[in-house]
Amino acid sequence: MLINKSQIDSHNAKHEKSHLKRFEAISSILSDEGVHVKDILEKLKSYQIAIPSWALSTGGTRFGRFPGLGEPVTFEQKMEDIGLLHAINRSSGAVSMHIPWDTPKDVKAVKQMADALGIQFDAMNSNTFQDQPNQKLTYKFGSLCNTDAAIRQQAIDHNLEVIEIGKQVGSKSLTVWLADGANFPGQQHQRKAFERTLDGLKSIYKELPEDWFVFTEHKPFEPAFYATVIQDWGTSLLLAQKLGPKAKCLVDLGHHLPNCNIEQVVSRLIMEGKLGGFHFNDSKYADDDLTVGSLRPYQLYLIFNELVDGVPGGDLSKSGFGWMIDASHNTKDPLEDLLQSVEAIKIAYAAALIIDRKELELAQDTNDAVKAQEIMQHAFRTDLRPLLAEARLQLGGAINPVEFYRENHVRAVLARQRG
Ligand code: RM4
Ligand code: MN
Ligand code: MN
């Protein structure tokens, strides 16, 4: 299914008047506050968030999955769905591929399709956390950390294959998330498991193209319930430091123990030049993979505050970091959920851009906690949705993405086409 311009135009025509009223009101308030609205619009317009190829279908839990209608089966259909999202919100112009879930039969054709839809290839994701049909050796006791050298080699070879596919589509990075770890105390020699993992990553690092990065993604538990090998950002940073300048750390928001100060982790990683990118989601407990911003929008905003502060000019599209949504939308239409997630990310970004940084610094330097909180919460509580809508409008997207999706019965059309 393709979204045509007349659908977008008729949606926007219906909303334009009320949008303009809201946009002009907030623009004039922001200008009075010394904010350059045009500059913010440009930043919002150029900031793209990658959709992982596995997020277009309804997720599940280990207890069950309740798939919806019209879900994509082939990688081409997944690309088509990302194209739909991008046509609606003009902010989802990138895909993050997972191998082997989405190994394309014809890489060239997939690249052509992406080009036609205006979609870039973000980080590649390897998978050594499951056994695939016809796989020689099992990852039951880990991949890169495994005590068996042949299994470690199999995992290394898989990652090298992923890089090869990535090169063909124009990706520039590889994300390695390992399920490696132990379920029982004493099961695994902690230091040796780390050293074997580091050795494996070194072999992968050696084969990285010049202009590529490798990201390690930490996670404190699950599927290993006693200890994972890359359990937190400390271990991830250690690996990145030992590997070299092309190794960085990927922060999945759900991969932290409750109450972890993620914005501080982000700040430290930027400071060390070791932040690689994000997997956005939200959670109450751990790796819940809920819609971004559905539970802790303030935390998300604090993370963007660190990003805007840490990236020159606050222009995140030029940061080189990877930006991906990693959510599961168990009971929602995945496309609607992704539209909501992208919106939440951009709201947090916009709010971080309007923080009065000079005043904030002054408050911090004079230990004025009250003033600092006023400044931070003022930006957070300013309704910036009209800016997002305006950015979309300028790029030919829909003023109200979810409403557009529903008005045009996108899911019903997909269901009719795909069954
Ligand atoms: C993990 C992690 C990875 C993702 C897998 C499917 O929890 O978030 O990024 O590839 O799930
Ligand atoms: Mn993730
Ligand atoms: Mn996860």
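That block above? That's the structure.
Read on for a plain summary of the structure. (Residues numbered from 1 in each chain as written. Chains lettered and ligands numbered in written order. Predicted model: local features only at pLDDT ≥ 70, side-chain atom pairs only at ≥ 80, totals over all residues. Heavy atoms only, no water.)

Description of the overall build of the protein
What the protein contains, in helices and strands, is 15 helices and 13 strands. Expected size for 419 residues packed as a compact globule is a radius of gyration near 22 Å; at 22 Å, the protein falls within 12% of this value. Structurally, the protein occupies a C-alpha span of about 65 × 60 × 40 Å along its principal axes. Every one of the 419 residues in the protein was classed for burial, and the buried ones make up 55%. A separation of at least 24 residues holds for 79% of the contacts in the protein among residues at least 6 apart in sequence. Considering the protein, the positive charge centre built from 46 side chains and the negative charge centre built from 54 side chains are found 3 Å apart. (Helix = DSSP H or I, 4+ residues; strand = E, 2+ residues; numbered from the N terminus. Rg over C-alpha atoms; globule rule 2.2 N^0.38 Å. Buried < 20%, exposed > 50% of the residue type's maximum accessible area, 1.4 Å probe, protein only. Contact = heavy atoms within 4.5 Å. Lys, Arg positive; Asp, Glu negative; His and termini not counted. Charge placed at Lys NZ, Arg CZ, Asp CG, Glu CD.)

Describing the site of ligand 1
Taken together, Trp-54, Trp-101, Phe-129, Trp-177, Glu-217, Lys-219, Asp-252, His-255, His-279, Asp-287 and Asp-326 are the residues near ligand 1. Between an oxygen atom of ligand 1 and a side-chain N or O atom of His-255, the distance comes to 3.1 Å. In this structure, an oxygen atom belonging to ligand 1 sits 3.2 Å away from a side-chain N or O atom of His-279. About the coverage of ligand 1: the protein hides 87% of its 290 Å² of free accessible area. Considering only residue class, the shell around ligand 1 consists of four nonpolar, two polar and five charged. (Near = heavy atom within 4 Å. Polar contact = N/O pair within 3.5 Å; in protein donor to acceptor, adjacent residues only side chain to side chain. Areas by Shrake-Rupley, 256 points an atom, 1.4 Å probe, with all protein chains shown as cover. Nonpolar A, V, L, I, M, F, W, Y, C, P; charged D, E, K, R; others polar.)

Some thoughts on the state of the cysteines
The tally for this structure, following the rule as stated, stands at zero disulfides. This cysteine, Cys-145, is not joined by any disulfide, and Cys-249 carries the nearest cysteine sulfur, 19 Å off. By relative accessible area, Cys-145 is classed as buried at 1%. As a non-bridged cysteine, Cys-249 has Cys-260 as the owner of its nearest cysteine sulfur, 13 Å distant. (Disulfide = S-S within 2.5 Å.)

Considering the coordination of the manganese ion (ligand 3)
At 2.1 to 2.6 Å from the manganese ion (ligand 3) lie its protein donor atoms, namely His-255 (NE2), Asp-287 (OD) and Asp-287 (OD). In this structure, the manganese ion (ligand 3) lies 3.9 Å away from the manganese ion (ligand 2). Taken together, the residues span a long stretch of sequence, with His-255 in the loop between strand 11 (247–252) and helix 8 (262–271) and Asp-287 in the loop between strand 12 (275–280) and helix 9 (297–310) at a distance of 32 residues. (Donors = N, O, S within 2.8 Å, 3.2 Å for Na, K, Ca; no water.)

Topic: the coordination of the manganese ion (ligand 2)
Only Glu-217 (OE), Asp-252 (OD), His-279 (ND1) and Asp-326 (OD) from the protein coordinate the manganese ion (ligand 2), and they sit 2.1 to 2.2 Å from it. Each of the six donor atoms bound to the manganese ion (ligand 2) contributes to angles spanning 71 to 169°, and the resulting shape is octahedral. Mapped onto the polypeptide sequence, the residues donating to the manganese ion (ligand 2) form the spacing pattern E-x34-D-x26-H-x46-D. We classify Asp-252 as buried; its relative accessible area is 0%. (Tetrahedral: all angles 85-135°; square planar, octahedral: opposite > 155°, others 65-115°.)

Regarding the pairing of strand 9 (residues 213–217)
Burial within strand 9 is extensive, with four of its five residues counted as buried. Sheet topology places strand 7 (residues 173–177) next to strand 9; five bridges connect them, and they run parallel. Of the residues in strand 9, the one forming a bridge with Leu-174 is Val-214. (Pairing = 2+ DSSP bridges.)

Purely geometric stuff here, so don't read any function into it on its own.
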